[in-house]
Amino acid sequence: FPNVALRLGVITVVGAASLLVALAGYAAAVSGLSAGLGAPPGLAIWIIGATIILVAAPGGLAGAAWAAAGAAGIFIAGLGLPLLILALRGSPLPLPLIGERLQWQEALARMAEWQGAAGGAPSATSATVIAAIMLGLGSLAPLLAPAITANDGAGARRAGLSALFWAFVMSVIVAATMAVSALAFDRGLTGARPGELSSFISEAAALGRVRICGVSPGSPAAARAACSQSPGFQGTLRRSDIGADGAFLIQALPDMRGFGRAFSGLAIAGLAAAALTLAAAGFHAFATALGHDAFYRVRDAGAMTSRRLAVTRFLLAAGVAAAGALLHFYHPDPRTLIGLAIALCASAVAPLLVLSLWPRAESSDATIALLAGLACAETIIFIGGSPPTIDVFAPAAVIAAGVSLAAGVTTSLFRRADPTSRGGAFVHGVLHGESEVLNPDKGA
């Protein structure tokens, strides 16, 4: 789709979605560093910012990809080692099919109760949520760029299978970690006295990750005062008096099962590293969208590669600095930012990816599809009220993607099919590998 106006529109959407992902990763990494090391938030912001620039600016996409591989190793070690030790000790892990199914069901029930009490997200089995995540992640720029850069077909297949395998491994580790933590938290606090809470639980409550008697007390005295006003309270905590969020359950296993602060620090480091590399990939995609796609592809196709790289790296550093300054005054919820980014890409980018493989589609059809998808998603999110949640983002993404694709296909059907069109040549090249359909440029 060579139309300049359409390209600028796509660049804007991709840049905005990438910046949302980057800000979410930045905020999560700062939160993890502050909680794990006790560093002041202001210091953590600039430590994380400098690290992001060192990862993404010199090495570009390769730097972000290798940093993500290293972060995945730390993540798997930090969360997987305690599970391995428990398994070697003979403790059955609460997992379906390969673990203790009854404990898994008990842990799921408790986590569902805590999420419901906190006004949490809908069930993970919701078909709408799953469809929205599939559409959004499949077209999310920080993930899409590494996914399509391989030397050859064999490398692409090898990378895809490896990514699926390690994503499955990490998902199992996260699920088992949360389940073990939920059971330990439930059994450790039920029957305890509010004034005897450990410092670990008090610190988590002060951060809003643990609830005692409906509040997040910062001290045992505050917990005791809150519980004394709870109807029917008789001195010890009941199952209905306690609750925890997902972030706490993921990193709390070492402390809940007595592994010590070293294992706890490793788990926090794994989470912070994953968030940091997500931020690096997001800022890289943002800088590339503006520095390469807007500057080189649209404004000055004859620009020297060194000039393009200088502009891209300047935009990356400027984006990191602006995000760091924003985090000093505003603390966004990373889940909301990721949800909005997924909704943007699902409603605007995913339909264009599909239309690029529809031979009849031209730039005018893609422009109509882009505008229809954005308008539909924005309308649904606006109607859903504020602040928007996944209950709003998911249907907005799915419905807008359908409307966008239908609009593009419908308008293309008003023209007679032309086998010699640009779209036909592009699809033929993709399917038969007879041309450089992606038109690689110098320095890319």
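Structure's up top.
Please read all numbers here as calculations on a predicted model, not as lab measurements. (Residues numbered from 1 in each chain as written. Predicted model: local features only at pLDDT ≥ 70, side-chain atom pairs only at ≥ 80, totals over all residues. Heavy atoms only, no water.)

1. Quick notes on the pattern of salt bridges
Think of it this way: side chains of opposite charge can pair up when their charged atoms draw near. Evaluated as defined, the whole model comprises 8 salt bridges. Across the salt bridge formed by Arg110 and Glu113, the nearest N and O atoms sit 2.2 Å from each other. Here Glu113 and Arg110 lie together in helix α3 (residues 101–117), a separation of 3 residues that amounts to about one turn. Measuring nitrogen to oxygen at the nearest pair gives 2.8 Å for the salt bridge that ties Asp241 to Arg238. By relative accessible area, Asp241 is classed as buried at 4%. Three or more residues are tied together by salt bridges with common partners; here these are Arg110, Glu113, Asp186 and Arg239. (Salt bridge = Lys/Arg side-chain N within 4 Å of Asp/Glu carboxyl O. Helix = DSSP H or I, 4+ residues; strand = E, 2+ residues; numbered from the N terminus. Buried < 20%, exposed > 50% of the residue type's maximum accessible area, 1.4 Å probe, protein only.)

2. Section: a nonpolar patch on the surface
A cluster of nonpolar residues, Leu81, Leu84 and Leu88, forms a patch on the protein surface that exposes about 300 Å² of accessible area. Residue placement: Leu81 occurs in helix α2 (residues 41–88). For Leu81, a relative accessible area of 35% translates into the label partly exposed. (Patch = residues over 30% accessible without salt bridge, like charges linked within 9 Å, V, L, I, M, F, W, Y side chains within 5 Å. Areas by Shrake-Rupley, 256 points an atom, 1.4 Å probe, with all protein chains shown as cover.)

3. Brief notes about the nonpolar core
Counting 49 residues, the largest nonpolar core has Tyr26, Val30, Ile48, Ile52, Phe283, Leu316 and Leu327 as the members making the most contacts within it. Listing elements by their share of this core, those giving two or more residues are α1 (4–37), α2, α11 (261–299), α12 (305–329), α13 (334–355) and α14 (363–383). A total of 15 residues in this core trace back to one element, the largest contributor, which is α1. Apart from the residues within four sequence positions on either side, Ile48 is in contact with Tyr26, Ala29, Val30, Leu33 and Leu276. Membership of the second largest hydrophobic core comes to 43 residues, among which are Trp104, Met111, Phe185 and Leu253. (Core = buried A, V, L, I, M, F, W, Y, C linked by side-chain atoms within 4.5 Å. Contact = heavy atoms within 4.5 Å.)

4. Notes on unusual backbone geometry
Non-glycine residue Cys213 carries a positive phi angle of around 55 degrees. Mapped onto the elements, Cys213 comes out in the loop between β1 (210–212) and α8 (220–228).

5. Comments concerning the packing of aromatic side chains
Counted by the stated rule, this structure contains 5 aromatic pairs. On the numbers, 5.0 Å between centres and 75 degrees between planes, the contact of Phe165 with Trp166 is edge-to-face. Classification of Phe165 as partly exposed rests on a relative accessible area of 47%. For Trp166, a relative accessible area of 44% translates into the label partly exposed. (Phe/Tyr/Trp six-rings, centres within 6.5 Å; stacked < 30°, edge-to-face > 60°.)

6. Looking at the packing of helix α4 (residues 127–138) against α13
Close contact between α4 and α13 brings their axes to 7 Å; oriented N to C, the two are set at 65 degrees. On the basis of their axis angle, the class for α4 and α13 is roughly perpendicular. The crossing of α4 and α13 is left-handed. Counting all contacts with α4, which are made through Ala132, Ile133, Leu135, Gly136, Leu137 and Gly138, the residues of α13 involved are Ile342, Cys345, Ala346, Ala350 and Leu353. (Axes fitted to C-alpha atoms, helices over the stretch in contact; angles between N-to-C directions. Parallel < 35°, antiparallel > 145°, perpendicular 65-115°, else oblique. Left-handed = near helix turned anticlockwise from the far one by under 90°.)

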